[in-house]
Amino acid sequence: MLGAFLQAVRQAHPLIHCITNYVTVNDCANLLLAAGASPIMADAPEEAAEITARSQGLTLNLGTLQAGRVPVMLASGRQANRSGIPAVLDPVGAGASAFRTRTARQLLEEVRFAVIRGNLSEIQALAAGAGHPCGVDAGDRITPQTLDAALELARQLARRTGAVVAVTGETDLVTDGRAAFCIHNGHPMMRHVTGAGCQLSCLTAAFAAASPGQTLQAAAAAVCAMGLCGEIAYARLAPQEGNAAYRDKILDAVYRLTPAQLEEGARYELR
Amino acid sequence: MLGAFLQAVRQAHPLIHCITNYVTVNDCANLLLAAGASPIMADAPEEAAEITARSQGLTLNLGTLQAGRVPVMLASGRQANRSGIPAVLDPVGAGASAFRTRTARQLLEEVRFAVIRGNLSEIQALAAGAGHPCGVDAGDRITPQTLDAALELARQLARRTGAVVAVTGETDLVTDGRAAFCIHNGHPMMRHVTGAGCQLSCLTAAFAAASPGQTLQAAAAAVCAMGLCGEIAYARLAPQEGNAAYRDKILDAVYRLTPAQLEEGARYELR
Amino acid sequence: MLGAFLQAVRQAHPLIHCITNYVTVNDCANLLLAAGASPIMADAPEEAAEITARSQGLTLNLGTLQAGRVPVMLASGRQANRSGIPAVLDPVGAGASAFRTRTARQLLEEVRFAVIRGNLSEIQALAAGAGHPCGVDAGDRITPQTLDAALELARQLARRTGAVVAVTGETDLVTDGRAAFCIHNGHPMMRHVTGAGCQLSCLTAAFAAASPGQTLQAAAAAVCAMGLCGEIAYARLAPQEGNAAYRDKILDAVYRLTPAQLEEGARYELR
């Protein structure tokens, strides 16, 4: 059933407005093109909300954050809410600096997000902000041991914000506060490629944009697709190749991914 | 005859100052190196004009535009005019936001460009600014059906600005307002690589810089070269490869392109 | 003996804070991951010093410098000094504009760097600032003819600043003002890849961070490693491949480089 969400992206060609960091932005643009979506990057206060209004989805990514970009993110986020298009928050570095944590929380207060996608420590930083001190002390990774606690944390954040929450790690969790996908796609080598998470957030926006009203399933499909492409790419890696070849092969796998492949390759269970 | 223009770049090694967006800037730098030119990126008001004065060509690209970069672009553009080196305008997103359209027109008023390179909708946005409402309603693509109208539009913009105008699409048009090259190189998959247009604008600056006084032919040679490398790269693409491999293979094709290959592979007619 | 320094990076996984340009930043991040380190990019005044305080190494790179980033670099540099972690200066473009030269000198006055890494013209620009007019007039390249003069220049800068100075070119020089490594690794094609120098500066920070108190040897090991990977990558280049494939193959070679390979492949003499 998840294959249909990829098909929807390939048919709708959604335009995704990305306000994102300058480290991984090129890969984000090529990832969106690989998936069948179109990227547009614009972060000037003079135009950001206008660009959002022309788009079908929005990604706000806190990497290389600057103070001047915060009101721009807020304006684009509010425009996405007014337009009824999905906004995705990638709270890169929340918990790593007070500035990023504070900004992530401000965005959560003033924008309704369709999806929040981060790793466990970032999601913890957001959850802690609401006075839910977190009992998960396994650091940055979701492992079988920490799965239940991480899922409870994600569910709480989803209920509080109304967003689908996607926590990515060894196992990925995607929940709307009630149903939850536990996803087992992916490969450990993806941690050695910069921006795999940023790319996934953009992909999630494209999937959500192409399937309105089905955000939970669309987000789960995006997470499965990215992980599956990480597996496909790893299988194609020659012995001498490293993380640069791997980065490109992941993008190439997304470009060639078919709905049937996604359908067959997605490995998840519902909780 | 176009091969000689590539030869000139390989011999002159022109230094090209790029004030450009942070999405595709790395590919622009590697593209210039592949062609035999040298890139320099600098966009601080304290140094931009000084860097332009040391360069042999300038590219101004409106992607991820910020208001603070507009006076920097004006200062570098004027310095290019004073120095007598070619300035290339890539009006990325003109027509997509009022800010970009307004900035593109301001640059056109205050800087004499050697070449303006954009897609049809961007060129339309510039042409409309002068009170030439555009009769081309085919959107973003130049097709056989819209070719004549697009060529007339490009010729008018070229005559009004004194710049060579390059409109890229399924067919590419390069005109100085009188003579025109209709260029049939390229491959549709290039639309799935972010920044192919940005790279072409940088390449055009390098070609124009290396052949002073022959801007029309140099720009046409750059457009043919980029499109031809898109064809060569596509022919080398393995079935599993996608837009990431394609992006690299285009750059690699530019790196290995010989004047004789360009001479033989350029497909154009004069109009 | 140099292989041990790579081994140390692979074991310590140092977090390297990079304040760097937007042209080559993605390659810098992937290079650090390839080496076994972790990158973090942050350049907002609100958080930069806080991020430095969480890191094990710092790189300050002057590419695409903006005035607003200078106090951020100073704050992070001072924090690195307080924390006792190595700070690496890459004075990209020193000598190419007054702004960059001035900023590089200001950083040298207010921050104690563990390593300064640049090409000959950049190092000359720094040395000249101290009233040591430079007798090396061979421009940007270290050749056998200019080696002695370049080494004397590097030694003077090292003695004046207390930093290890690495001058990269056809031959690379690494000196603490007394001992000097003359390194013969590398391949001329590395000059056709944008950001090879930026990547090396980040790698040097990772090597220095993982081997405290052995900065001279660690920096020499990083320079040998990068050059050796340039050689390995060149040997793997197919006839049709160009600088894009080469860029990726260098990163891949770093990813796969073993301490034994580095030990065996490092080509240097002590002076």
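Computed from a predicted structure; not experimentally measured.

K.L.:
Quick one: what's the story with the relation of the copies chain B and chain C, residue by residue and with numbers?
P.N.:
With an RMSD of 0.0 Å, the fit of chain B onto chain C corresponds to turning through 120° and sliding 0.0 Å along the axis. Such a combination of turn and shift is consistent with a three-fold rotation axis. The C-alpha atom lying nearest the rotation axis in chain B is that of Y22 of chain B; the distance is 3.5 Å. The share of interface residues of chain B whose copies in chain C are also at the interface is only 12%, consistent with the copies meeting through different surfaces.

K.L.:
Describe the nonpolar core, with residues and values.
P.N.:
Burial of nonpolar side chains together is a common tendency in soluble globular proteins. Counting residues in hydrophobic clusters, the biggest one holds 193 residues, and the most contacted among them are V174 and F207 of chain A, V174 and F207 of chain B together with V174 and F207 of chain C. With sequence-adjacent residues up to four places away left out, F207 of chain C is seen in contact with F5, L6, V9, A218, A221, A222, A225 and L262 of chain C.

K.L.:
Could you give an account of the interface of chain A and chain C, with specific residues and numbers?
P.N.:
Contact with chain A, which involves 30 residues of that partner, is made by 25 residues of chain C. Surface buried jointly by chain A and chain C totals about 2300 Å² across both partners, of which 45% is contributed by carbon and sulfur atoms. When the buried surface of chain A facing chain C is broken down by residue, Y22, Q240 and N243 of chain A rank first, second and third, together holding 25% of it. Applying the counting rule to chain A against chain C returns two salt bridges. Ionic pairing is found between R247 of chain A and D248 of chain C, a salt bridge with its closest N-O pair at 3.8 Å. Taken together, the links from chain A to chain C amount to 20 residue pairs in polar contact (both at pLDDT 80 or more).

K.L.:
Let's hear about the pairing of strand β7 (residues 172–175) of chain B: which residues, and what values?
P.N.:
Residues and elements named next belong to chain B. Where burial is concerned, the two faces of β7 agree: the one with D172 and V174 and the one with L173 and T175 are both buried. Taken together, the three bridges between strand β6 (residues 164–168) and β7 define a ladder with antiparallel strand orientation. Note on β7: the bridge partner recorded for V165 is T175. Counting the residues between successive antiparallel strands, the hairpin from β6 to β7 contains three residues. The sheet contact formed by β7 and strand β8 (residues 180–183) spans four bridges and is antiparallel. If you follow L173 over to β8, its bridge partner there is C182. The loop that links β7 with its antiparallel partner β8 comprises four residues; one of these, G177, has a positive phi angle of about 100°.

K.L.:
With reference to specific residues and values, describe the relation of the copies chain A and chain C.
P.N.:
Each copy superposes on the other: chain A lies on chain C with an RMSD of 0.0 Å after a rotation of 120° and an axial shift of 0.0 Å. Different-surface contact between copies: only 10% of interface residues of chain A are shared with the interface of chain C.

K.L.:
Kindly report on helix α7 (residues 147–161) of chain A, identifying the contributing residues and their values.
P.N.:
All names here are of chain A. Counted at 1.5 Å a residue, the expected span for α7 with its 15 residues is 21 Å, and the 21 Å between its end C-alpha atoms agrees. Buried residues of α7: L147, A150, L151, L153, A154, R155, L157 and A158, and no others. Next to the buried residues of α7 lie α5 (98–110), β5 (115–119), α6 (120–128), β6 (164–168), β7 (172–175) and β8 (180–183). G162 lies just past α7 and shows a positive phi near 80°.

K.L.:
Lay out the sheet that holds β6 of chain B in plain terms, naming residues and giving numbers.
P.N.:
All names here are of chain B. Spatial ordering of the open sheet is given by β2-β1-β3-β4-β5-β6-β7-β8-β9, a layout of nine strands whose pairing is mixed. At either end of the open sheet lies a strand with only one pairing partner, and these are β2 (38–41) and β9 (268–270). On average, adjacent strands in this sheet sit at an angle of 20° to one another, irrespective of strand direction. Bridging between strand β1 (residues 15–19) and β2 involves four bridges; their strand directions are parallel. Bridge assignment links C18 to a residue of β2, and that residue is M41.

K.L.:
Got a sec to walk through the side chain of S211 of chain C? Specific residues and values, please.
P.N.:
Structurally, S211 of chain C is set in the loop between α8 (196–210) and α9 (215–235). Not counting residues up to four positions away in its chain, the partners in contact with S211 of chain C are F5, A8 and A218 of chain C.

K.L.:
So what's going on with the interface of chain B and chain C? Residues and values would help.
P.N.:
Opposite the 26 residues of chain B that make contact, chain C presents 30 residues. For the pair chain B and chain C, the two sides together bury roughly 2300 Å², of which 45% comes from carbon and sulfur. On the surface where chain B and chain C come into contact, there are two salt bridges. Our count for the chain B to chain C interface comes out at 20 residue pairs in polar contact (both at pLDDT 80 or more). Residue assignment for the side of chain B that touches chain C shows that the elements contributing at least two residues are α2 (25–35), α3 (48–54) and α10 (243–256) of chain B. With seven residues, the top contributor of residues to the side of chain B that touches chain C is α2 of chain B. Split by residue class, the side of chain B that touches chain C holds twelve nonpolar, four polar and ten charged.

Rules used throughout
The numbers attached to residues start from 1 for each chain and follow its sequence in the written order. As they are written, the chains are lettered A onward and the ligands numbered 1 onward, keeping that order. Selection of residues for local features in this predicted model requires a pLDDT of at least 70, selection of side-chain atom pairs for listing and counting requires 80 or more, and totals for whole chains, interfaces and linings are taken over all residues. Each side-chain value is worked out from all heavy atoms of the structure, with water and hydrogens disregarded. Least-squares superposition aligns the copies on the C-alpha atoms of those residues with pLDDT at or above 70 in both. The contact rule is simple, with two residues in contact once any of their heavy atoms fall within 4.5 Å. For this analysis, a nonpolar core means a set of buried residues of the types Ala, Val, Leu, Ile, Met, Phe, Trp, Tyr and Cys, connected via side-chain atoms within 4.5 Å. A 1.4 Å probe rolled over the protein chains alone gives each residue an accessible area, and that area as a share of the maximum for its type sets the label: buried under 20%, exposed over 50%, partly exposed in between. Values labelled buried area give the accessible surface lost by two parts on being combined, using a 1.4 Å probe and summing over both. Note on definitions: salt bridges are taken to be side-chain nitrogens of Lys or Arg within 4 Å of carboxyl oxygens of Asp or Glu. For the purposes of these results, a polar contact is taken to be a pair of N or O atoms within 3.5 Å, where, inside protein, one atom must be able to donate a hydrogen and its partner to accept one; residues adjacent in sequence count only when each atom of the pair is a side-chain atom. Secondary structure elements follow DSSP: runs of H or I of four or more residues count as helices, runs of E of two or more count as strands, with numbering from the N terminus. Pairing between strands is defined by DSSP: at least two bridges between the two strands are required. What a helix should span is 1.5 Å times the count of its residues minus one. Every angle, taken between N-to-C directions, lies between 0 and 180 degrees, and every axis is a line fitted to C-alpha atoms, over only the stretch in contact when it is a helix. Polarity classes work like this: nonpolar for Ala, Val, Leu, Ile, Met, Phe, Trp, Tyr, Cys and Pro, charged for Asp, Glu, Lys and Arg, and polar for all others, with Gly in that last group.

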